[in-house]
Amino acid sequence: MKKKTRWISLILSIMLMISILPYAISADETEHPELLGRTNMLRPSEGGSLAVTEIDGQMTLTDENGQPIQLRGMSTHGLQWFGEIINENAFATLSNDWESNVIRLAMYVGESGYAEDPSVKDLVYEGIELAFANDMYVIVDWHVHAPGDPNSDVYKGAYDFFDELSAHYQDHPKAHQIIWELCNEPSPNNAGGEGITNDAAGWQAVKSYAEPIVDMLRERGDNIIIVGTPNWSQRADLAADNPIAADNIMYAIHFYSGTHESSSENTDRNNVMSNARYALDNGAAIFVTEWGTSEANGNNGPYLEDADTWLSFLNENNISWCNWSLTNKNETSGSFIPYIMGVSEATLLDPGDDQVWAPEEISLSGEYVRARIKGIAYEPMSRGGDAYEEIIWNFDDAATQGFEINRDSPVKDVEVSYVDGMMRLSSMTKSTNITEDNYWSNVRISSEQYNPGFDIFGADKISMKLLVEEPTSVSIACVPQSDKNGWANPSKALIAGPSDFTETDNGLFMAEISMGADFAKNLEAIATDPEGSILSNMVIFVGSENGGDVYIDDITFSSAGSAAAEELEHAEIGMAALPSDFDDNTRQGWDWSVDSGTKVSLLIEEANGSPALSFNFAYPEVKPTDNWASAPRLDLWLEGLQQGENDYLIFDLYLQPEQASKGAIAISGAFQPPESGYWAQVPDSFNIELAELDDMEKTADGLYHFLVKMDLNTIEGIGADTDLRNILLIFADIETDFSGKMFVDNVQLLTEAELADLTGGDDSSADETTAETSVDTGTESSQPQDSDDSAQKGWIIWVIVASMVVIAAAVVIVVIYKKKKAKIFDTKKS
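Keep in mind the model is a prediction, meaning the values are calculated, not measured.

Calculation notes
- Residues numbered from 1 in each chain as written.
- Predicted model: local features only at pLDDT ≥ 70, side-chain atom pairs only at ≥ 80, totals over all residues.
- Heavy atoms only, no water.
- Helix = DSSP H or I, 4+ residues; strand = E, 2+ residues; numbered from the N terminus.
- Buried < 20%, exposed > 50% of the residue type's maximum accessible area, 1.4 Å probe, protein only.
- Areas by Shrake-Rupley, 256 points an atom, 1.4 Å probe, with all protein chains shown as cover.
- Salt bridge = Lys/Arg side-chain N within 4 Å of Asp/Glu carboxyl O.
- Axes fitted to C-alpha atoms, helices over the stretch in contact; angles between N-to-C directions.
- Parallel < 35°, antiparallel > 145°, perpendicular 65-115°, else oblique.
- Contact = heavy atoms within 4.5 Å.
- Pairing = 2+ DSSP bridges.
- Phe/Tyr/Trp six-rings, centres within 6.5 Å; stacked < 30°, edge-to-face > 60°.
- Lys NZ or Arg CZ within 6 Å of the ring centre and 35° of its normal.

Whenever I open this one, the overall build of the protein chain confuses me. Can you help?
Within the protein chain one finds 17 helices and 34 strands. Taking all 830 residues of the protein chain together, the buried fraction comes to 59%. When the accessible surface of the protein chain is summed, it comes to about 31,800 Å², and 47% of that surface belongs to carbon and sulfur atoms.

As structure tokens, then:
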């Protein structure tokens, strides 16, 4: 890209930036010729019945003539949440405009799916008929996700389900178009039941579950049967070593291009592609029934260059695939534009009678996958302020890519070198400061000779991977530079603590860090200047507390897109704390979850005489399919968070509505413990019926008050010492017209006795009822935090107001319980 000259007008400059921006994330088909063309892609009317056949020593999918056939298409999201995709216009569009020859029907069993609501099976029948009518093969997916053991009680209806459907279609003239997928993703996930181990024993558990169903289905016909494999269908190697003794069996492989790296070998059991190669080399046929352009949690990216590498491998080996997913959910892997308050309206899953989703209705991932299904060159549309992510320095060319000791560095004897695809800083014993403000004393490196020449207009984040030989604290401060915007001091250094580092396969410990303009002040100057937004250099200050080597990789610039164009004024985030009382006028670690449907300013304002976390928003008039899509989702990351002896998650909620006459707000609480598949939700939501507000008394400052209480003991799959990782508070929309302000205060975990003491035995400020809400999953990386204790400010005020007789006692209570202040960021998506 060339730097724009100053005589070009501002408008033309912006237009130029917009026109070239998408190419930052696009891929080059010249490196992967396998991406172009539709060799072996036949429709059912051409390919007929499918079989697994050995060709040139490799088991592969073949048509009725024994010739290789490849299926490419899409998977639905969970039909219990996004069932509206089952319509004639959508299937016609996928078949004709997207040129898919397969569709996968993801019927969740747990997580509010078939086991709870068997009527979701009706959508499977309807989807099969629509696939028949639109000349596509169809995968019927018994979606094992949470829990991860297909033998769990929640999945006990599997045999009867497949028995019923296979009997129904046994004599149907198009029955050969059906592919049975017996278990989506067996895994260690123990949310709602048991998981399976990531080893031969885990595969044996899956095999024992599948074999009776395989025997029954073989009596009904020779249709292809796909069986999931352990560790979220990443271990087809295990199936290859102990295969199911039946014809036309294939094994599932799942990957997400932002998480699962490629491999050219077949010996690395921690690498998904390596496991796939092993399976192929050892007589097993594989089918990628699910893959995404994001990370495994459904977010970040899209990682299209990595996706190209994966799809080249699949196409070259005639491996069929379905992309996740046909949804307007607010996640990167979704194919359609989601609802985001003030930014975008959700794309309808019925494209209309013209049977085409317009380009502006399709996400970056969706438009990329559409091109890859069709086998045409990917030409991203000009999206203006859309999101992008570009690795500027990846150190993949056996060099430090221009980085060397800066001439003004106060520390000169640090060695900068290339090691194993990373940049290493060694001899760091004189560069050990890890304070936020004294980064100046650390070594300073820069890449002046590299000059990446990348346009970072609109960028709002700098990310990189840090690796160390043993966990320690590492300080990073950054000054990105352009020719026009040469220098602005970093506001502060970002400190990655020992607990931020996790061990990797190469024996090093890695932390992934991100910073915005609040750390790298010059980022804002460059990213908002259309005439000076070409990145020319980066200066980095690096400190290592223990003086050990620091490795740096994948220095990335990204933009959240148009959502970031509207500048938000947040209160200072502060140090994460629980209880969260906000008395220090910071957010105490609370922020919007990555997939929150609302991302407005988070402020600290007074509610009922006490500082509280506040946000002003409105639910949309046109409701998204998923009632969590528009929901504000607050997130607190807390190291060492456990239930312990506590029984309840509680907080004070105050409403200041501008409009609130109908519907309900359903408040859900959830955690993301790694050992429970990153999702553990309180099953009962706390509902607020808006029509009843008029009958409630208000606080002195005119607010409606609710003491929100959630029973932690009703959550399945967690124990007292389970690492809960983070807290999510979700405020879901049940056909409400609410607009106005919410205040959250005094978030804490309490025992039964502590709750009784707090409320005097009366916690009935609102009814606790069960409401239908979506279940969502995700995973981020944790940040270091400590916990503290806090008393309920609202309760003290209530006591004082209630009776002047106990003023003296209240004062004593305040003294005794005076609050102590203490300091305290992945797979599997739903």
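Structure's up, so let's keep going.
What's the story with the pattern of salt bridges in this structure? I'm lost.
In a structure, side chains of opposite charge can pair up when their charged atoms sit close to one another. Evaluation of the coordinates by the stated rule reveals 20 salt bridges. A salt bridge links K207 to E211, with the nearest nitrogen and oxygen atoms 4.0 Å apart. With K207 and E211 both in helix α7 (residues 200–220) and four residues apart, this pair spans about one turn of that helix. For K207, a relative accessible area of 10% puts it in the buried group. Notably, a salt bridge pairs K430 with D413, separated by 3.4 Å at the nearest N-O pair. Remark: D413 occurs in the loop between β12 (404–405) and β13 (415–419) and K430 occurs in the loop between β14 (422–426) and β15 (443–446); sequence separation between them is 17 residues.

It is not clear to me how the packing of helix α10 (residues 272–281) against helix α11 (residues 304–316) should be interpreted in this structure. Could you clarify?
For any two helices packed against each other, one specifies the crossing angle of their axes together with the interaxial distance. The geometry of α10 relative to α11 is characterised by a closest axis approach of 12 Å and an angle of 5 degrees between their N-to-C directions. One finds that α10 runs roughly parallel with respect to α11. Mapping the contact onto sequence places V272, M273, A276, R277 and L280 in α10 and T309, W310 and F313 in α11.

Whenever I open this one, the sheet that holds strand β28 (residues 648–659) confuses me. Can you help?
For sheets, the rule is that strands pair by backbone hydrogen bonds, running either parallel or antiparallel. With antiparallel pairing, the five strands of this open sheet are ordered in space as β25-β26-β34-β28-β32. Edge positions in the open sheet fall to β25 (603–607) and β32 (704–711), since each of these has one partner strand only. Adjacent strand axes in the sheet meet at a mean angle of 40 degrees, parallel and antiparallel pairs treated alike. Note: β28 against β32, eight bridges, orientation antiparallel. If you follow F651 over to β32, its bridge partner there is V708. Sheet strands touched by helix α15 (residues 752–759): β28, β32 and β34 (739–750). Its angle to β34, the strand with the most contacts, is close to 130 degrees.

I'm lost on the packing of aromatic side chains in this one. Help?
Here a ring pair, both rings aromatic, is described through the centre-centre distance and the interplanar angle of the planes. One pass over the full model with this rule turns up 32 aromatic pairs. Aromatic side chains F336 and W357 sit 4.4 Å apart centroid to centroid with 45 degrees between the ring planes, which places their arrangement in the tilted category. A residue pair is termed long-range when its members are at least 10 positions apart, and F336 in the loop between β10 (321–326) and α12 (364–374) and W357 in the loop between β10 and α12 qualify at 21 residues. We note that F336, like W357, is buried. Following the ring pairs from residue to residue traces out a cluster consisting of W592, F615, F617, Y619, F651, F731 and F738. Taking NZ or CZ as reference, R269 lies 4.7 Å from the ring centre of Y278, over its face.

Is there a simple way to think about unusual backbone geometry in this case?
Trans peptide bonds make up the majority, and among non-glycine residues the majority have a negative phi. With an omega dihedral of 5 degrees, the bond running from A146 to P147 counts as a cis peptide bond. Of note, P147 is situated in the loop between β5 (137–143) and α6 (158–169). Positive phi values are uncommon outside glycine, yet N40 reaches one of about 70 degrees. Counting through the fold element by element, N40 comes out in the loop between α1 (10–20) and α2 (44–47). Given a relative accessible area of 29%, N40 falls into the partly exposed group. Within the chain, N231 stands out as a residue other than glycine whose phi angle is a positive 60 degrees. Along the chain, N231 turns up in helix α8 (residues 230–233). On the accessibility criterion, N231 (17% relative accessible area) is buried.

Looking at this structure, I do not really get the pairing of β25. What am I missing?
Here is the key point about a regular strand: its side chains alternate between the two faces of the sheet. With five bridges connecting them, β25 and strand β26 (residues 610–618) associate as antiparallel partners. Residue L603 lies in a different strand from β26, and its bridge partner there is S614. Hairpin connection, β25 to β26: the antiparallel pair is bridged by two residues, and N608 has positive phi, about 55 degrees.

Just checking my understanding: could you explain the sheet that holds strand β9 (residues 286–292) for this structure?
Sheet architecture is closed into a barrel: eight strands sit in the order β3-β4-β5-β6-β7-β8-β9-β10, paired in parallel fashion. If you compare each strand with its neighbour and ignore which way they point, the axes differ by 25 degrees on average. As paired elements, β9 and β10 share two bridges and run parallel to each other. If you follow W291 over to β10, its bridge partner there is N323. Strands in contact with helix α5 (residues 120–133) are β4 (102–108), β5 and β6 (178–181); relative to β4, the strand with the most contacts, it is inclined by about 175 degrees.

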